[in-house]
Amino acid sequence: MTPRPPSDDSTQKNGDGPQRTGTAGKKATADKAVAKKAAAAKKATAPAKKAPAKKAVAEKAATKKANTKKAVAKKAVAKKAVAKKAVAKKAVAKKTTARKTAVVKATTPEEALSPAVSPAVHASDRARLIDGTHHDPHAVLGAHPVPGGVAVRVFRPYAQSVTLVTDDLRTELHDDGGGFFSVLLPPTDVPAYRLLVSYEGATQETEDAYRFLPALGELDLHLIGEGRHEQLWQVLGAHPMTHQGVTGTRFAVWAPNARGVRVAGGFNHWDGSGHAMRSLGSSGVWELFVPGIGEGELYKFEITRPDGSRTLRADPLARRTEVPPHTSSVVHVSRHEWHDEEWLAHRGDTPVHEAPFSVYEVHLPSWRPGLTYRRLAEQLPGYVKELGFTHVELMPIAEHPFGGSWGYQVTGFYAPTARLGTPDDFKYLVDALHQAGIGVLMDWVPAHFPRDEWALAEFDGRPLYEPADPLRAAHPDWGTLEFDYGRREVRNFLVANAVYWCEEFHIDGLRVDAVASMLYLDYSREYGQWRPNQHGGRENLDAVAFLQEMNATVYRRNPGVVTVAEESTAWDGVTRATHHPGPSGFGGLGFGLKWNMGWMHDSLQYMAHEPVHRSYHHDEMTFSMVYAYSENYVLPISHDEVVHGKRSLVSKMPGDWWQQRANLRAYLGFMWSHPGKQLLFMGQEFAQGSEWSEARGPDWWLLDPGYGASADHRGVLDLVRELNTVYRGTPALWQRDTEPSGFQWVTGDSADDNVLAFLRFDADGTPLLAVSHFSPVVRHDYRLGVPDDVPAWHEVLNTDLARYGGSDVHNPDPLKPEPTPWHGRPASIRLTLPPLSTVWLRPA
């Protein structure tokens, strides 16, 4: 489809075309004007052809002399009009013939002596193009059929000359001043052409960006308008492609409030004047195909705001960025070839909540500082596999300007951070982890975004990604802006982003940050600082709808993927299906798992007490079982618990160095046996004494054999490995994690002894007995009630063994039940409880 030329407006504005009227007299006047213009043209360009003009003059004189009667006069006028019309047509035909024989000569506005429009850009369009406020530059620039030929208009600031080149034509365009060039070609179809643009000291041959049709389809724009484009990253942003047989890059951005948008980058010396984008109707999307631009080019969008000011913005859907502190977006093409087919084929075989799931949380830049994605791929998979974790959770992944934010103030939602390499390098790391049999979760942050002036804040001059209401927009805790979840395009941006990481990078799960701050309108706000919803409540109904849509979409499109909510309140139904309403009337949020923040706070608080005081805080270890089956839980010991003065995990424990390590080992044993999945932050697996710092990472030197106390740290590391090994091989510890029938207390009230004992059952009813003893004494012949259908129990894990750094008190022989009722059970066993320990026993 050929773009429509602005022929009517141009004709009227330039004053070169005939004035249309509705009467025969006016028609004759027009014919007369055409004939005179044609005669003048013949006189100037072809002197040998004066005869037709002289003949017309003679006929005119004869007619006037015979004009004595009214009827004769009318006949003469008619004859005169016919004669003039014939002369005009003849003149036009002869002029066209003459032009065809000399097409290499440019036809400038001054030389356009036919009844045609001037090819120059009209003054009003010039002003809008210069100001960056033209919504449809393609209707003005490029090649357009006009009365009398084809007008070609080019805007190339700083160019000295522009020459149009086709297969059989080479024409220099007229310099109209201000960077504008134009030419009027003979009447023909719009040709395929190239431009030779000469600057001072250089000449560039290029395609004209304004001769191409839109590279976005109507279906894409329709889905964007509805907020339902689940692969939004494939249409917005920068995409190298071949369009109408020409290679280049399509740029597209959503900026509905902008008066104009231009692309600026290294390819145009960061002056977007010559690369204005067109607005694609009511979608709010601006688009431009730039030929000759490919992978690796830096770019931003130059946006003219509603008030006429300009702002230079990074691409919200950029798939690659510069290394911070630089902020440009980078045109990217992925060339990674995946080799994780077997992993993807089987990751959904067992639902996550019914499978072993122990997570090693990693801050990638500091795990081993200085390693790139590819170097991490050489070391991280082997380390995690050797320790027996089933998954890693990676942070930070999405691009962020300030490293100290740990990735929680995102500016590049679709770009892996460039600090460690390219997007393909990150894919290489994920691929290596999958080939090692390790799932990959990433921290995902849809709750807020920073106010950086080159990113999302007031992106097109008005609140766009954030709510217009300042009370709703400003996040009170972090100085950031919240997303406007009520706007369908913003929800689409975030939902598609979740899908993007799962589909483009094969991510196996999203740990969604700060869900509580999204769910409540009054989160961290005082009275008067928030407005209730339409029902008068404090629930953010738009955020609820967004989370439901995100979860439903991710699970539908990517079987085997899990979403995990970091949610710290008692919101009902975080892990309930979205189509199942609960007591509150809401459908579930649809997450697969939820962080059990209550268990984390309570259990760490209990462990911080001296053993002599723990009997008074026994409920802090048992209360979690009151609500353990209200959601599908993860038990998180994350980075948040070992920074900012909170101390490392081992340093939270009371007592001397031996007791601290013993407490830590007992706590980890209790954690791995408690209903729920496990998450442990890096460095805690070997009892790092100092709290974590992103500047230096874990203290790996503690494991160096040359360090005198390395055996103490290696003992804890060996225990974590053993916990994961036994855990994965014991279905009772994970198969019925979300079913109350998979758990039974043996004793939950032995506060004076600091003892907790319970049974876990797998799908077949096979039990595991877990006993945690949080007192620094040995308890001999400690009696526990057990089922009477198990002939004997044997110890499969003991955190006090010497190889872990313990006192090596254990139960080497099978323990046979005695017919002595205890703890409400018909049989009991007597065992030795080591000091500050957790012991696991299975049927012998």
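See the structure printed just above.
All of these numbers come straight from a predicted model, not from anything done at the bench. (Residues numbered from 1 in each chain as written. Predicted model: local features only at pLDDT ≥ 70, side-chain atom pairs only at ≥ 80, totals over all residues. Heavy atoms only, no water.)

Draft legend 1. Fine view of the overall build of the protein. Regarding its fold elements, the protein presents 20 helices and 35 strands. Residues classed as buried in the protein amount to 57% of the 844 residues present. In the protein, the share of contacts with a sequence separation of at least 24, taken over all contacts with a separation of at least 6, comes to 71%. (Helix = DSSP H or I, 4+ residues; strand = E, 2+ residues; numbered from the N terminus. Buried < 20%, exposed > 50% of the residue type's maximum accessible area, 1.4 Å probe, protein only. Contact = heavy atoms within 4.5 Å.)

Draft legend 2. View of empty space enclosed by the protein. Within the structure shown, the criterion is met by eight cavities of 30 Å³ or more. Quantified by volume, the largest cavity comes out at close to 130 Å³. Together, 17 residues line the largest cavity, and Thr321, Thr327, Glu399, Thr411 and Trp454 are the ones closest to its centre. Residue composition of the lining of the largest cavity, grouped by class: six nonpolar, eight polar and three charged. (1 Å grid on protein atoms, 1.4 Å probe; cavity = no way out; pocket = protein on both sides within 12 Å on 5 of 7 lines; lining within 4 Å. Points joined across faces, edges and corners; volume = space filled by probe spheres on them. Nonpolar A, V, L, I, M, F, W, Y, C, P; charged D, E, K, R; others polar.)

Draft legend 3. Highlighting helix H10 (residues 423-435). Across its 13 residues, H10 extends 18 Å between first and last C-alpha, which sits within 8% of the 18 Å expected from 1.5 Å per residue. Counting buried positions over the 13 residues of H10 gives 11, a clear majority of the element. Where H10 is concerned, the buried positions are Pro423, Asp424, Asp425, Phe426, Lys427, Leu429, Val430, Asp431, Ala432, Leu433 and His434. With its phi angle positive at about 80°, glycine 437 sits one or two positions after the end of H10. (Expected span 1.5 Å × (residues − 1).)

Draft legend 4. Representation of the nonpolar core within the structure. Membership of the largest hydrophobic core comes to 182 residues, with the highest contact counts inside it found for Phe251, Tyr360 and Trp501. In terms of residue count, the dominant contributor to this core is helix H12 (residues 488-504) (10 residues). Counting 19 residues, the second largest nonpolar core, distinct from the first, contains Phe761, Tyr782, Ala827 and Leu841. (Core = buried A, V, L, I, M, F, W, Y, C linked by side-chain atoms within 4.5 Å.)

Draft legend 5. Just the sheet that holds strand S30 (residues 755-761), in detail. One open sheet holds the five strands; their spatial order is S29-S30-S31-S35-S33, and the pairing between them is antiparallel. Both outer strands of the open sheet, strand S29 (743-750) and strand S33 (793-798), are each paired with one neighbouring strand and no more. Along the sheet, successive strands turn relative to each other by an average axial angle of 20°, direction set aside. The pairing of S33 with strand S35 (residues 837-843) spans five bridges and is antiparallel. Residue pairing in the sheet places leucine 797 in a bridge with tryptophan 840 of S35. (Pairing = 2+ DSSP bridges. Axes fitted to C-alpha atoms, helices over the stretch in contact; angles between N-to-C directions.)

Draft legend 6. The arrangement of the packing of aromatic side chains in detail. Applying the stated criterion across every chain yields a total of 43 aromatic pairs. Aromatic pair tyrosine 360 and phenylalanine 389: ring centres 5.3 Å apart, planes at 35°, arrangement tilted. Placement of tyrosine 360 in strand S17 (residues 358-363) and of phenylalanine 389 in the loop between helix H9 (373-387) and strand S18 (391-395) is noted, with a sequence separation of 29 residues between them. The residues tyrosine 360 and phenylalanine 389 share a single accessibility class, namely buried. Between phenylalanine 389 and tryptophan 672, the ring centres sit 6.5 Å apart and the planes meet at 65°, which makes this aromatic pair edge-to-face. In this pair, phenylalanine 389 sits in the loop between H9 and S18 while tryptophan 672 sits in helix H19 (residues 657-673), placing the two residues 283 residues apart along the sequence. For phenylalanine 389, a relative accessible area of 1% puts it in the buried group. Positioned over the ring face of tyrosine 383 is arginine 368, at 5.8 Å from the centre of the ring. (Phe/Tyr/Trp six-rings, centres within 6.5 Å; stacked < 30°, edge-to-face > 60°. Lys NZ or Arg CZ within 6 Å of the ring centre and 35° of its normal.)

Draft legend 7. Quick peek at the sheet that holds strand S1 (residues 142-146). One open sheet accounts for four strands, arranged S1-S2-S6-S5; its pairing is antiparallel. Unpaired on one side and paired on the other, S1 and strand S5 (174-177) mark the two borders of the sheet. Within the sheet, the average angular offset between the axes of one strand and its neighbour, ignoring direction, is 25°. Two elements, S1 and strand S2 (residues 149-155), share five bridges in a ladder whose sense is antiparallel. For histidine 144, the partnering residue across the bridge sits in S2 and is alanine 151. Strands S2, S5 and strand S6 (180-185) of the sheet are contacted by helix H5 (residues 123-131), whose axis makes an angle of about 135° with S6.

Draft legend 8. Just the environment of leucine 831, in detail. Tracing the backbone shows leucine 831 in strand S34 (residues 827-833). Measuring from C-alpha to C-alpha, the distance between leucine 831 and tyrosine 782 comes to 5.2 Å, with 49 residues separating the pair along the chain. Once residues lying within four places of it in the same chain are set aside, the contact partners of leucine 831 are Arg779, His780, Asp781, Tyr782, Leu784, Asn811, Leu815 and Leu841.

Draft legend 9. Quick peek at helix H20 (residues 710-728). Given a rise of 1.5 Å per residue, 19 residues ought to cover 27 Å, and the 27 Å separating the end C-alpha atoms of H20 matches this to within 8%. Looking at the buried positions of H20, the neighbouring elements they touch are S17, H9, H19, strand S28 (677-681), S33 and S35.

From the geometry alone we can't say anything about function, so treat these as descriptive.
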